[in-house]
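# Report on the structure
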Amino acid sequence: AQTAWQEGRDFLRLAAPQPIEPGSGIEVLEFFSYGCPHCNDLEEFLGPWLRQLPADVSFRRVPVLFHPPWVNLAKLHFTLEAIGRADLAGKVFHAVHARGVKLYDEKVFIEWGAGNGLDAAKVREAWNSFAVSGKMNRARTLAQAFRVDGVPTLFVDGKFKLQPTTEGMGPVAHRQAPSLLDFLIAKARAERNKK
């Protein structure tokens, strides 16, 4: 485990901290897209880490809408969330990146969902819902507020930013992200306790 994480090199402290969801505890946000190969690579390490989240930490994925296909992949994310199947995230990444399934196409997504035990009528209803549309707008607003310009990008407690990269491409590799997240969560917890 890394013991010498450095602000300014491995993570940044936001000059203007962003508000977090009330009652969320220490909030970890991941800005991502199912269409992003780097987000897919990070999932290998983030998935197991998510299964061990401390009780005072909440994790939320926020899809970005940088490219036309990513808009519908964001809609797919919120549709799965709306029907209580956000647990399919790993399968979505696998379908898109390992199998080349064009899940940004509504019809393809609904067929894929049916093949994964989802009720097609419920999927279609959620896909076209006002709630999903509202979450899409909120995701766009959040990405702008946090000044997200690339993914994956993670924020801890509205004040720490990290951008894990492919091995050798930056100071924090994907495999190191869980360790740095744990460090930043502990740092955020300590700072809250000082107040």
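Placed above this text is the structure.
Residues numbered from 1 in each chain as written. Predicted model: local features only at pLDDT ≥ 70, side-chain atom pairs only at ≥ 80, totals over all residues. Heavy atoms only, no water.

## Describing the nonpolar core
Quick reminder of the rule: Buried Ala, Val, Leu, Ile, Met, Phe, Trp, Tyr and Cys residues that are joined via side-chain atoms within 4.5 Å together make up what is termed a nonpolar core. Exposed residues in this analysis have more than 50% of their type's maximum accessible area, buried residues have under 20%, and partly exposed residues fall in between, with area computed by a 1.4 Å probe over protein chains only. Helix and strand assignments follow DSSP, with helices taken as H or I runs no shorter than four residues and strands as E runs no shorter than two, numbered in order from the N terminus. Two residues form a contact once any of their heavy atoms are found within 4.5 Å.
Ranked by size, the top nonpolar core spans 39 residues in total, and within it Phe31, Leu76 and Leu103 carry the most contacts. Residue assignment for this core shows that the elements contributing at least two residues are strand 2 (26-32), helix 2 (68-82), helix 3 (89-97), helix 4 (106-115), helix 5 (120-127) and helix 6 (130-145). With six residues, helix 2 is the single largest residue contributor to this core. With near-sequence residues (within four places) excluded, phenylalanine 31 lies in contact with Val62, Val64, Leu142, Ala143, Phe146, Val148, Val151, Pro152, Thr153 and Phe155. Val28, Trp49, Leu162 and Leu180 belong to the second-largest nonpolar core, a separate cluster that totals 19 residues.

## So, the side chain of glutamate 30
Heads up, the condition is: As used in this structure description, the phrase polar contact means that two N or O atoms lie within 3.5 Å; if the pair is within protein, one of them must be able to donate a hydrogen and the other to accept it, and residues adjacent in sequence are counted only when both atoms belong to side chains.
Residue position: glutamate 30 is located in strand 2. Residue classification places glutamate 30 among the buried residues on the basis of a relative accessible area of 0%. For glutamate 30, the side chain forms a polar contact with the side chain of arginine 61, separated by 2.9 Å. With sequence-adjacent residues up to four places away left out, glutamate 30 is seen in contact with Leu42, Leu46, Phe59, Arg60, Arg61, Val62, Pro152, Thr153 and Leu154.

## Quick notes on the pattern of salt bridges
We count it as follows: Any carboxyl oxygen of Asp or Glu within 4 Å of a side-chain nitrogen of Lys or Arg constitutes a salt bridge here.
Counting across every chain of the model gives 14 salt bridges. A salt bridge links arginine 60 to glutamate 21, with the nearest nitrogen and oxygen atoms 3.7 Å apart. Of the two residues, arginine 60 sits in strand 3 (residues 57-63) while glutamate 21 sits in the loop between strand 1 (12-13) and strand 2, which places them 39 residues apart along the sequence. Using a relative accessible area of 32% as the deciding quantity, one classes glutamate 21 as partly exposed.

## Structural notes on helix 1 (residues 37-50)
Quick reminder of the rule: Expected span of a helix, by definition, is 1.5 Å for each gap between consecutive residues, and there is one gap fewer than residues. Across the chain, bend at a residue is computed as the angle between axes fitted to the seven residues ending at that point and the seven starting from it.
Between its first and last C-alpha atoms helix 1 spans 19 Å; for 14 residues at 1.5 Å apiece the expected length is 20 Å, and the two agree. At glutamate 43, helix 1 shows its largest bend, some 45°. The set of residues buried in helix 1 consists of Cys39, Leu42, Glu43, Leu46, Gly47 and Trp49.

## Overview of the pairing of strand 3
We apply this condition: One bridge is not enough; two strands pair if DSSP finds at least two bridges between them. If the strands point away from the viewer and the path from the first strand over the helix to the second runs clockwise, then the crossover is right-handed.
Sheet topology places strand 2 next to strand 3; seven bridges connect them, and they run parallel. In the sheet register, valine 28 faces strand 3, and the bridge partner there is phenylalanine 59. Where the polypeptide runs from strand 2 across helix 1 and back to strand 3, its parallel neighbour, the crossover connection is right-handed.

## Quick look at the environment of alanine 16
Relative to the assigned elements, alanine 16 resides in the loop between strand 1 and strand 2. Placed 93 residues apart in sequence, alanine 16 and phenylalanine 109 show a C-alpha to C-alpha distance of 38 Å.

## A short note on helix 2
Relative to the 21 Å expected for 15 residues at 1.5 Å per residue, helix 2 spans 22 Å between its end C-alpha atoms, a close match to the ideal helical length. For helix 2, the complete set of buried residues consists of Trp70, Leu73, Ala74, Leu76, His77, Phe78, Thr79 and Leu80. Structurally, helix 2 contributes buried residues whose contacts are with strand 2, strand 3, helix 3, helix 4, helix 5 and helix 6. Downstream of helix 2 by one or two residues, glycine 84 has phi in the positive range, about 75°.

## As for the sheet that holds strand 2
Spatial ordering of the open sheet is given by 1-5-4-2-3, a layout of five strands whose pairing is mixed. Each edge of the sheet is formed by a strand with only one pairing partner; in this case those strands are strand 1 and strand 3. Note that strand 4 (residues 153-156) and strand 5 (residues 160-162) share three bridges and pair antiparallel. The residue of strand 5 that forms the bridge with phenylalanine 155 is lysine 161.

## Here we look at the pairing of strand 4
Neither face of strand 4 is open: one carries Thr153 and Phe155, the other Leu154 and Val156, and all of them are buried. Where strand 2 and strand 4 come together, four bridges link them in antiparallel fashion. Bridged to valine 28 within strand 4 is valine 156. Linking two consecutive strands that pair antiparallel, namely strand 4 and strand 5, is a turn of three residues; a positive phi of about 60° is found at aspartate 157 within it.

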